[in-house]
Amino acid sequence: GIAMCDVAFKLQILGRNMESTTWFQRARDVGAAHGFFSLECQACLGLGQAALDDGRNEEGAELMRNALVAAQLNELGDQKMELAALAGLGDALFKTHAMDELEPLVLRYRES
């Protein structure tokens, strides 16, 4: 699963977005089917970034929200995933003019 995301991120860097999206979606499906929330988080981050890059800002924001939820449930207990998802969500919310949604999240993470 993680290898799928690695391939997808490399394809994304090369500008091969259609192929990267396919790999991210496969990884997301595996993560969702087996409860691998860390994998689902990484896949949603990649899919969300691809949507934002293509100007599909609402879709990108929704995928970043999914990434944050998956990060909070991740089996690895890795808080870096939550921070990455929060950063991605912040970018998406800025592009959708919904920054008011971000403030409570930032305050929550600052307290933890």
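For the structure itself, consult the block above.
So, here's what we can say about the structure. (Residues numbered from 1 in each chain as written. Predicted model: local features only at pLDDT ≥ 70, side-chain atom pairs only at ≥ 80, totals over all residues. Heavy atoms only, no water.)

1. What about the overall build of the chain?
Phase 1 of the analysis: When its secondary structure is counted, the chain shows 6 helices and 0 strands.
Phase 2 of the analysis: Relative to the 2.2 N^0.38 estimate, which gives 13 Å for 112 residues, the radius of gyration of the chain is 13 Å and therefore close to what a compact globule would have.
Phase 3 of the analysis: Nonlocal contacts in the chain, meaning residues at least 24 apart in sequence, comprise 47% of its contacts between residues at least 6 apart.
Phase 4 of the analysis: Roughly 6,200 Å² of accessible area belongs to the chain as shown, and the carbon and sulfur atoms make up 58% of that amount. (Helix = DSSP H or I, 4+ residues; strand = E, 2+ residues; numbered from the N terminus. Rg over C-alpha atoms; globule rule 2.2 N^0.38 Å. Contact = heavy atoms within 4.5 Å. Areas by Shrake-Rupley, 256 points an atom, 1.4 Å probe, with all protein chains shown as cover.)

2. Some words on the packing of aromatic side chains
Phase 1 of the analysis: Tallied over the entire structure, the rule returns 1 aromatic pair.
Phase 2 of the analysis: An angle of 75 degrees between the planes, with centres 4.8 Å apart, marks the rings of Phe9 and Phe24 as edge-to-face. Of this pair, Phe9 sits in helix H1 (residues 2-13) while Phe24 sits in helix H2 (residues 17-34), and the two are 15 residues apart along the sequence.
Phase 3 of the analysis: Residue Phe9 is classed as partly exposed on the basis of its relative accessible area, which comes to 31%.
Phase 4 of the analysis: Looking at Phe24, the relative accessible area reads 0%, which means it is buried. (Phe/Tyr/Trp six-rings, centres within 6.5 Å; stacked < 30°, edge-to-face > 60°. Buried < 20%, exposed > 50% of the residue type's maximum accessible area, 1.4 Å probe, protein only.)

3. Regarding the packing of H1 against helix H3 (residues 37-53)
Describing two packed helices takes the angle between their axes plus the distance from one axis to the other.
Phase 1 of the analysis: Contact geometry for H1 and H3: axes closest at 10 Å, N-to-C directions at 20 degrees. As summarised for this structure, H1 and H3 are arranged roughly parallel, according to the angle between their axes. Crossing geometry of H1 relative to H3 is assigned as left-handed. Residue-level inspection shows Ile2, Cys5, Phe9 and Gln12 of H1 in contact with H3, the latter providing Leu39, Gln42, Ala43, Gly46, Gln49 and Ala50. (Axes fitted to C-alpha atoms, helices over the stretch in contact; angles between N-to-C directions. Parallel < 35°, antiparallel > 145°, perpendicular 65-115°, else oblique. Left-handed = near helix turned anticlockwise from the far one by under 90°.)

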